[in-house]
Amino acid sequence: MKSVMDKKLRLYLHIPFCVRKCKYCDFVSFAGKEEQFEAYVDSLCNEIRVRGEVYKDREISSIYIGGGTPSILPEDLLERIVNALNQSFHISGTKEKRKGFHLQKKIRPVTEFSIECNPGTVDKKKLKAYKKMGINRISFGLQTSDPEGLKALGRIHSFDDFIESFESAREAGFDNINVDLMQAIPEQTLSGWQRTLALLTTWKPEHISAYSLIVEKGTPFYEMQQKGQLSLPDEDTEREIYYYTKEFLEKCGYRRYEISNYAIPGFECRHNIGYWKRDDYLGLGLNSSSMVDNLRWKNTEDLSDYTEVFSNPFSEADFFRGDNALLKPEETGRQDVPVSTIIKDVHLLSHKEQMEESMFLGLRMTEGISKQDFFDTFRQDFDYTYGETVLKLKEKGLLKEEEGRVFLTDKGVDISNTVLAEFLLDQ
Ligand code: SF4
């Protein structure tokens, strides 16, 4: 029988502060709120303690500090967060272990612990401090090497800033570094993109994410687009960029393991794979999302509400059953989920929704879906559930099936949103 410790949990922590807002950004993040850093971190630590009590029997399999720009925080504030995590959760370990006086053979860290950093917001001292805290993976947001592109996006850094930060991370001992790139940005051409990839790969990051820009409502880019002032590459250029990326990065030793993610084998992001495989995850901090045992919920995006609710340390009992009526268990039928002013969108996924979601997410990965795993998880035959859909998509050359696994073809990746929509089940 599985012990509770076998039930893994992934943690996401949100730091909602940035130096300046990028022109395309619709994330919950604020610029110019330095005076709120400390209060927010204190509240986050209190939330960590409360939630840690609830999930003390779960083993933490990965931690991801994202934002915003987490690296904007001074080291001492970040250290408070990491200390609270270590005191509150069962973290398997993030460093090589010593046994007696003998250093054990170096193994990959048990718990992947990532932090997002923007170039120009870290230096060697800060990165060394991260390393000491047990952080073992850095994710840099570069987006492009092209100065015009960086300016158009409203980024705060230059390519030289990136190189400096990247080198500092290597010197601080980080051997697992991701770099985020962005495709389909204003005025981007195939040759400009080729330059970015050629430059970046000389620095040999272990992991590269390459997402396409999406113009979101409420951003300066959206306004510009409405006024006809945003010149984006056409669909053909976007496709060329996509195919070139896969081909070029494969030649450089990277493997595409998800629609937009490439890694040197062995350095795939375990935290994100957890999302695509629907592992349980707990979001901590402003606007963070959680899914535990198929129950979803989200923290508020109101910074003052969040900071105020968690401003005082209180016990698990206060939070879940206390006089402050933060919990109404009858609303969820579950005892472990707080329902309060700061929690929203609570939803228990039905069996059908779980199956659909496993297809949408699982098919994003190049290894696709294992029919056996599907049966083991849902106790429902894969072919009985999706046989017809798969057959139809295979005939159109959008899906492939090999050795009991179903996955997207290149053509399927091209129109992945349309393909994935086919996996919605009838009522
Ligand atoms: S750094 Fe990231 S989170 Fe901050 S404004 Fe830019 S895109 Fe948004």
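Residues numbered from 1 in each chain as written. Predicted model: local features only at pLDDT ≥ 70, side-chain atom pairs only at ≥ 80, totals over all residues. Heavy atoms only, no water.

Novice: Even after reading the chapter, I still don't get the overall build of the protein chain, so can you show me in this structure?
Specialist: What the protein chain contains, in helices and strands, is 17 helices and 20 strands. Buried positions account for 53% of the 427 residues belonging to the protein chain. Residue pairs at least 24 apart in sequence account for 70% of intrachain contacts in the protein chain once pairs closer than 6 positions are excluded. Put simply, the protein chain shows about 20,400 Å² of open surface, and 49% of that area lies on carbon and sulfur atoms. (Helix = DSSP H or I, 4+ residues; strand = E, 2+ residues; numbered from the N terminus. Buried < 20%, exposed > 50% of the residue type's maximum accessible area, 1.4 Å probe, protein only. Contact = heavy atoms within 4.5 Å. Areas by Shrake-Rupley, 256 points an atom, 1.4 Å probe, with all protein chains shown as cover.)

Novice: Would you take a moment to explain the pattern of salt bridges for this structure?
Specialist: Applying the stated criterion across every chain yields a total of 28 salt bridges. In this structure, R364 engages E258 in a salt bridge whose closest nitrogen and oxygen atoms are separated by 2.5 Å. In this pair, R364 sits in the loop between helix 13 (351-362) and strand 18 (369-370) while E258 sits in strand 12 (residues 255-258), placing the two residues 106 residues apart along the sequence. Here the salt bridges share partners, and the residues they tie into one network are K7, R58, D280 and D293. (Salt bridge = Lys/Arg side-chain N within 4 Å of Asp/Glu carboxyl O.)

Novice: In this structure, what is going on with the sheet that holds strand 18? I would like to understand it.
Specialist: Strand pairing in a sheet is mediated by backbone hydrogen bonds. Such pairs are either parallel or antiparallel. Pairing is antiparallel in the open sheet, where 3 strands are placed in the order 18-20-19. Each edge of the sheet is formed by a strand with only one pairing partner; in this case those strands are strand 18 and strand 19 (399-402). Two elements, strand 18 and strand 20 (residues 405-408), share 2 bridges in a ladder whose sense is antiparallel. Looking at the pairing, I369 lines up with V406 of strand 20. Most of the contacts of helix 15 (residues 382-395) go to strand 19, to which it runs at about 125°, and overall it touches strand 18, strand 19 and strand 20. (Pairing = 2+ DSSP bridges. Axes fitted to C-alpha atoms, helices over the stretch in contact; angles between N-to-C directions.)

Novice: Hey, could you run me through the site of the ligand in this one?
Specialist: Residues in close proximity to the ligand include C18, R20, K21, C22, Y24, C25, F27, S29, G68, T69, N118 and R155, which together make up its full environment. Its residues placed into classes, the shell around the ligand shows 5 nonpolar, 4 polar and 3 charged. (Near = heavy atom within 4 Å. Nonpolar A, V, L, I, M, F, W, Y, C, P; charged D, E, K, R; others polar.)

Novice: Help me out: how do you make sense of the nonpolar core in this one?
Specialist: A general trend in soluble globular proteins is that nonpolar side chains are found buried together. L11, L13, I81, L85, F89 and Y130 are the most contacted members of the largest nonpolar core, which totals 90 residues. Those residues in contact with L11 that sit more than four places away from it in its chain are I60, S62, I63, Y64, L85, F89, H271, L282 and L284. By size, the runner-up hydrophobic cluster in this structure holds 11 residues, among which are C22, L153, L213 and L230. (Core = buried A, V, L, I, M, F, W, Y, C linked by side-chain atoms within 4.5 Å.)

Novice: Please explain the packing of aromatic side chains as it appears in this structure.
Specialist: Here a ring pair, both rings aromatic, is described through the centre-centre distance and the interplanar angle of the planes. Going through the model one piece at a time under the given rule, you end up with 20 aromatic pairs. Ring geometry for F140 versus F162: centroids 6.0 Å apart, planes at 90°, classification edge-to-face. Placement of the pair is F140 in strand 9 (residues 137-143) and F162 in helix 5 (residues 159-171), with a sequence separation of 22 residues. In this structure, F140 and F162 share a single accessibility class: buried. One aromatic cluster is present, formed by F17, F37, Y40, Y306 and F310 through successive ring pairs. Across the ring face of F174, the terminal group of K131 is positioned such that the distance to the ring centre comes to 5.0 Å. (Phe/Tyr/Trp six-rings, centres within 6.5 Å; stacked < 30°, edge-to-face > 60°. Lys NZ or Arg CZ within 6 Å of the ring centre and 35° of its normal.)

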